[in-house]
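Spelled out from the first residue to the last, the chains are:
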Amino acid sequence: MNYYKLMMLLLAMTFGQAHAQRVEVKSNVINVGQVLFRAPVSAEFELKNTSGHPCIINKVRTSCGCTTVEYPHNAVAGGETFTVKATYDAAVMGHFEKQVAIYSNADNEPLYLTMKGIVVDEVVDFVGEYPYKLGELMADANNIEFDNVNQGDRPYVRFHIMNNSSRMAEPVVMHLPKYLKAEVSPSKVAPSRTGVVTIQLNSNDLRDYGLTQTTVFLGLFPGDRVATDKAIDVSAVLLPYFGEMTAAEVEQAPRIELSASQVQFDRKGKRKQRADILLTNVGKSELDISSLQMFTTGLQVSLNKTKLKPEETAHLRITGEIKELVKLHSKPRVLMITNDPTLPKVVVGVTVK
């Protein structure tokens with residue numbers, strides 16, 4: 001073997017060993033929630049050397065002098081776990097987000113850890129009710145709706161939780177689709193203590209106008225079992241955007257008119273009941289009903305035409321399964337998406353009395 005081939009082999013072996021050394025972190029973001037002013041707070045990050053080689057932390061850098069870090073100064077054997085503890089002095093009121101960069105022989109790039117929270121002059125727990133049981137956590141909501149969303153919007157919803165178990169919880173929202181992200185504050189919730197879950201929608205990741213529905217699950221800890229008693233229903237209604245239309249274009253646009261915006265079924269009546277609504281285009285161009293959907297089960301809908309010329313009408317029939325409707329926790333509704341710039345979303349409510 002010549003000198004060139006030998007050097008290439010040694011480089012390949014060195015490169016492979018360097019990249020075989022890996023440090024993984026259980027969670028690289030820890031939210032400590034509310035922190036009292038000038039009461040230093042710490043976050044402990046759990047890391048593991050997943051390689052078969054010793055890991056040595058060469059240096060640690062923080063985003064400011066207000067944060068100190070404790071870490072092992074000796075080599076960490078392959079397969080072992082270790083802790084990096086970051087402490088923030090909480091000397092400034094308001095939200096904070098502090099980063100710690102860990103430099104080691106495991107990679108050429110640093111590993112970044114983030115501690116975040118809010119410094120307050122008084123820690124205030126939510127004092128409302130928690131009517132919903134989600135596994136071992138209690139919550140003040142189990143259904144989330146993002147209504148009237150336009151492309152590019154990033155709305156969010158917050159709801160409160162309480163740890164009803166006897167152990168420290170690390171609540172996590174599981175089975176999130178691409179268009180949703182979630183954060184729990186604080187990251188760890190002690191027994192009988194409270195926290196806040198924030199779920200945010202990225203409307204750019206929604207594919208179609210109208211209703212998009214999914215179910216996520218609130219676990220007590222990462223890797224918790226998914227079960228129906230931990231379910232949170234999430235819906236989003238994406239609307240077409242007409243903000244760039246001129247006054248003249250709006251004047252020539254279609255207009256939808258309904259004979260009724262609410263139907264009522266009799267709880268003591270027939271098992272299956274029907275209601276009819278007349279839709280009329282009172283505008284000056286063709287009306288396009290591009291989407292016809294239902295928010296809940298227990299309903300069937302039919303529409304005899306989806307494109308209406310000016311002064312043309314269509315018949316919407318709503319059929320309700322009474323036994324199904326009376327069991328629902330959310331309001332049954334029918335949704336239509338139209339090209340009427342003044343009424344792109346049409347909702348017909350359904351009640352059972």
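Up top you'll find the structure we're talking about.
Below or above, wherever it landed, is the structure these notes cover. (Residues numbered from 1 in each chain as written. Predicted model: local features only at pLDDT ≥ 70, side-chain atom pairs only at ≥ 80, totals over all residues. Heavy atoms only, no water.)

1. Side note on the packing of aromatic side chains
This is how the line gets drawn: In this scheme Phe, Tyr and Trp rings, the latter by its six-membered ring, pair at centre separations within 6.5 Å, and the angle between planes marks the pair as stacked below 30 degrees, edge-to-face above 60, and tilted otherwise. The buried label applies to any residue whose accessible area, calculated with a 1.4 Å probe on protein chains only, is under 20% of its type's maximum; exposed applies above 50%, and partly exposed to all values in between.
Under the criterion given, the structure shown has two aromatic pairs. A ring pair is formed by F126 and Y130, whose centres lie 5.5 Å apart and whose planes are at 85 degrees; its orientation type is edge-to-face. The exposure class of F126 is partly exposed, given its relative accessible area of 28%. For Y130, a relative accessible area of 14% translates into the label buried.

2. Some thoughts on the nonpolar core
Where we set the bar: Nine residue types can take part in a nonpolar core, namely buried Ala, Val, Leu, Ile, Met, Phe, Trp, Tyr and Cys, and a core is a set of them joined through side-chain atoms within 4.5 Å. By the criteria applied, helices consist of DSSP H or I runs no shorter than four residues and strands consist of E runs no shorter than two, each listed in order from the N terminus. By definition in these notes, contact holds between two residues if any of their heavy atoms fall within 4.5 Å.
Counting residues in hydrophobic clusters, the biggest one holds 25 residues, and the most contacted among them are F146, F159, L180, V197, L201, L218 and I232. Secondary-structure elements contributing two or more residues to this core are β10 (137-139), β11 (143-150), β12 (156-163), β14 (180-185), β15 (194-201), β16 (210-219) and β17 (231-239). Of the residues forming this core, the biggest block, four residues, is contributed by β17. With sequence-adjacent residues up to four places away left out, F146 is seen in contact with P155, Y156, V157, L180, I199, Q200, L201, V234, S235, A236 and V237.

3. Here we look at the state of the cysteines
Selection criterion: Throughout, disulfides are identified as pairs of cysteine sulfur atoms within 2.5 Å of each other.
Enumeration over the complete set of coordinates arrives at one disulfide. Here C64 connects covalently by a disulfide to C66, the sulfurs 1.9 Å from one another. For the disulfide bridge between C64 and C66, the dihedral angle about the S-S bond is near -50 degrees, and by the sign convention the bridge is left-handed. We classify C66 as buried; its relative accessible area is 17%.

4. Some details on the side chain of S165
Quick note on the threshold: Nitrogen and oxygen atoms within 3.5 Å of one another constitute a polar contact, given that in protein one can donate a hydrogen and the other can accept it, and given that sequence-neighbouring residues count only through two side-chain atoms.
Here S165 lies in the loop between β12 and β13 (172-174). Overall, S165 belongs to the buried group, its relative accessible area being 9%. A polar contact of 2.6 Å, which involves the side chain of S165, links it to the side chain of N163. Only 3.2 Å separates the side chain of S165 from the backbone oxygen of R167, close enough to count as a polar contact. With sequence-adjacent residues up to four places away left out, S165 is seen in contact with E136, P191 and L220.

5. Notes on the sheet that holds β15
How we decide: Strands pair, by our definition, only if DSSP identifies at least two bridges between them. Axis definition: a line fitted to C-alpha atoms, over the contacting stretch in the case of helices. Angles run 0 to 180 degrees between N-to-C directions.
Strand order in the open sheet made by the five strands is β9-β10-β12-β15-β14, with antiparallel pairing throughout. With one partner strand each, in any of the chains shown, β9 (132-134) and β14 form the two edges of the open sheet. For this sheet the average axis-to-axis angle between neighbouring strands, irrespective of direction, equals 30 degrees. Here six bridges tie β14 to β15, and the two strands are oriented antiparallel to one another. Pairing of V184 across the sheet is with V197, part of β15.

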